[in-house]
Amino acid sequence: MRRAETPTGGSWRARVAGRIADIDEAAWDARAGQASAAANPFLRHRFLRALEDSGCVTPRTGWTPHHVVVEEASGALIAAAPTYVKTHSQGEYIFDHGWAEAYETAGGRYYPKLVVAVPFSPVPGPRLLADSDATRDALLTALVAETGTLGASSLHVNFCREDEWTFLGQRKLAQRTGEQFHWHNRGYDSFDAFLGDLASRKRKAVRKIGRAHV
């Protein structure tokens, strides 16, 4: 357990948990905003634990749990990040294979890398689970320090919220952008109701595609 000083001058300690089960479920879910009606289910402690308990997320599959948390001296959790040591780029939906090739062509070793992400999901959501910039700073300091301790090539924060993306850029981390297409239900109570809003030509095309995949 490593100790350091927070940006506000108080004492905090950074801890790495090799299993999400080693972190209190209620404390994690509170930091992940699970009490909100708009909570992101992929950040739930139970979801991340299911990935580990099922064997989907293990060193054998190239996903070593390495969750970074920051605690007050009292032990109260003030910040956390779902973090993994990766030995490949599969299951991230971030296609950085070109970066890996370029890095290694230049003589470096791209893997392992440290990744803050939800495994196997491109769904955007919070990644730096903290309630203020001060505690985010403490968490980022711990993540950067852990990257160095591991000898990892780099730290990646995947599919974070825009405010986190801005925060990381302000801390001099390289920013990248991607593009997603999101479908929103405009009150349709069935697929036929959705098709009814389309022009005849498009409706026929969608139905043709559907039949081809039955």
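Reading guide: rules and limits
- Residues numbered from 1 in each chain as written.
- Predicted model: local features only at pLDDT ≥ 70, side-chain atom pairs only at ≥ 80, totals over all residues.
- Heavy atoms only, no water.
- Helix = DSSP H or I, 4+ residues; strand = E, 2+ residues; numbered from the N terminus.
- Contact = heavy atoms within 4.5 Å.
- Polar contact = N/O pair within 3.5 Å; in protein donor to acceptor, adjacent residues only side chain to side chain.
- pLDDT = per-residue confidence, 0-100.
- Pairing = 2+ DSSP bridges.
- Axes fitted to C-alpha atoms, helices over the stretch in contact; angles between N-to-C directions.

Colleague: Run through the environment of Asn 158, naming residues and quoting values.
Modeller: The residue Asn 158 is located in the loop between strand E9 (155-157) and helix H5 (162-170) in this model. In sequence terms Asn 158 and Val 115 are 43 residues apart; their C-alpha atoms lie 7.3 Å from each other. When neighbours within four sequence positions are excluded, Asn 158 is seen to be in contact with Glu 92, Ile 94, Val 115, Val 116, Ala 117, Arg 127 and Arg 176. Polar contacts involving the side chain of Asn 158 include one to the side chain of Glu 92, which spans 3.3 Å.

Colleague: Describe the confidence of the model for the protein chain, listing the residues and the values that go with them.
Modeller: A low pLDDT score tells you not to read the predicted coordinates there in detail. Model confidence for the protein chain is summarised by a mean pLDDT of 91, while 94% of its residues fall at 70 or above. Low pLDDT (under 50) marks residues 1-9, which in the prediction has 23 contacts with non-local residues, meaning those over four places away or in another chain.

Colleague: Which residues make up unusual backbone geometry, and what values go with them?
Modeller: Note the cis peptide between Tyr 111 and Pro 112, where omega equals 5°. Within the secondary structure layout, Pro 112 lies in the loop between helix H3 (97-105) and strand E7 (113-116). Backbone geometry at Tyr 93 places phi at a positive 60°, although glycine is not the residue there. For Lys 172, which is not glycine, the phi dihedral falls at a positive 75°. As for its placement among the helices and strands, Lys 172 is situated in the loop between H5 and helix H6 (191-196).

Colleague: Would you mind going over the sheet that holds strand E6 (residues 83-86) in detail, with residue names and values included?
Modeller: One open sheet accounts for four strands, arranged E3-E6-E7-E9; its pairing is mixed. Each edge of the open sheet carries a strand with a single partner, namely strand E3 (63-65) and E9. Across the sheet, the axes of successive neighbouring strands diverge by a mean angle of 30°, strand direction being ignored. Looking at chain direction, E7 and E9 are connected through three bridges and run parallel. Bridge pairing in E9 places Val 116 opposite Val 157.

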